[in-house]
Amino acid sequence: MTAVEGTPRYFAWLYSSERMRAILAPLFGIELEINAALQPGLEHSVAHARMAWWAEEAQRLRDGHALHPLTRALLAQRPAASITETAGSGPDVSGLVDVASWDLACATFETGRDLAGYCDRWARSVTQLAAIRAAPDSSASAARFGHSLGVALCELDMLVSLRRSAHLGRLRVPLDELAALGLAPDALAQTPWPAALSQRLRERHRQLR
């Protein structure tokens, strides 16, 4: 976990149970490896090659035949409730590839539905997956909690880095919301933000927390 030391993910790992630590460590490592394709200045063809390899590895992981040390470590953490996975299947981290591909393309959220879909994909591949694999029984409540928590965390994470992401061409506020505030997309990259945008962001932070 040294690669993410000092970050919120590090502290999530640090204060987790031993069982959850064993799941979060490879999960966060996989996320870091996939997101390496998003480094500023990385040659675009190299970034796409990395993304393609991880898309294939995500499929191998689902099939139960991972190649990367991190995916193998995650695969080794079998669910406490064995019925949550069928024989020969593994955890699904394809959502991490999906959201990274979205960011690599600098795609925008046209509406709140697009934003919700992005957060849903991340949550299913991280918090929901971790909750299911750490759950002591087959109750669906763990999956529901992991998913709802992850959706909120994903959007909060994006709001925290709103200005920096905008400078990289990644808009984290839906275009229809910006239009309703009478703002152009480039307003996200310029601080201080207009009062209407600041008020909207404060309210969204409150709702998510």
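Look above for the structure.
Residues numbered from 1 in each chain as written. Predicted model: local features only at pLDDT ≥ 70, side-chain atom pairs only at ≥ 80, totals over all residues. Heavy atoms only, no water.

**Description of the side chain of Glu 155**
Part 1: Relative to the helices and strands, Glu 155 resides in helix α8 (residues 140-160).
Part 2: Assessed through its relative accessible area of 5%, Glu 155 is described here as buried.
Part 3: Those residues within four positions of Glu 155 in sequence are excluded, and the remaining contacts are Leu 115, Cys 119, Arg 204 and Leu 208. (Helix = DSSP H or I, 4+ residues; strand = E, 2+ residues; numbered from the N terminus. Buried < 20%, exposed > 50% of the residue type's maximum accessible area, 1.4 Å probe, protein only. Contact = heavy atoms within 4.5 Å.)

**A closer look at the packing of helix α6 (residues 112-125) against α8**
Part 1: Taken N-terminus to C-terminus, the directions of α6 and α8 make an angle of 120°; their axes are 8 Å apart at the nearest point. Considering the angle they form, α6 stands oblique to α8. In this structure, the crossing between α6 and α8 has a hand that is right-handed. Of the residues in α8, those in contact with Leu 115, Tyr 118, Cys 119, Asp 120, Trp 122, Ala 123 and Arg 124 of α6 are His 147, Gly 150, Val 151, Leu 153, Cys 154, Glu 155 and Met 158. (Axes fitted to C-alpha atoms, helices over the stretch in contact; angles between N-to-C directions. Parallel < 35°, antiparallel > 145°, perpendicular 65-115°, else oblique. Left-handed = near helix turned anticlockwise from the far one by under 90°.)

**Quick notes on the pattern of salt bridges**
Part 1: Within the structure shown, the criterion is met by 11 salt bridges.
Part 2: The closest approach of N and O atoms between Arg 204 and Glu 155, which form a salt bridge, is 2.8 Å. With Arg 204 in helix α11 (residues 195-208) and Glu 155 in helix α8, this pair connects stretches of sequence that are 49 residues apart.
Part 3: Put simply, Glu 177 and Arg 200 hold a salt bridge, and the shortest N to O gap is 2.4 Å. Residue Glu 177 is located in helix α10 (residues 175-180), and its partner Arg 200 is located in helix α11; the two are separated by 23 residues in the primary sequence.
Part 4: Of the residues examined, Glu 177 reaches a relative accessible area of 26% and is grouped as partly exposed.
Part 5: Since its relative accessible area comes to 17%, Arg 200 is described here as buried. (Salt bridge = Lys/Arg side-chain N within 4 Å of Asp/Glu carboxyl O.)

Without other data, these values stay purely geometric and don't point to any function.
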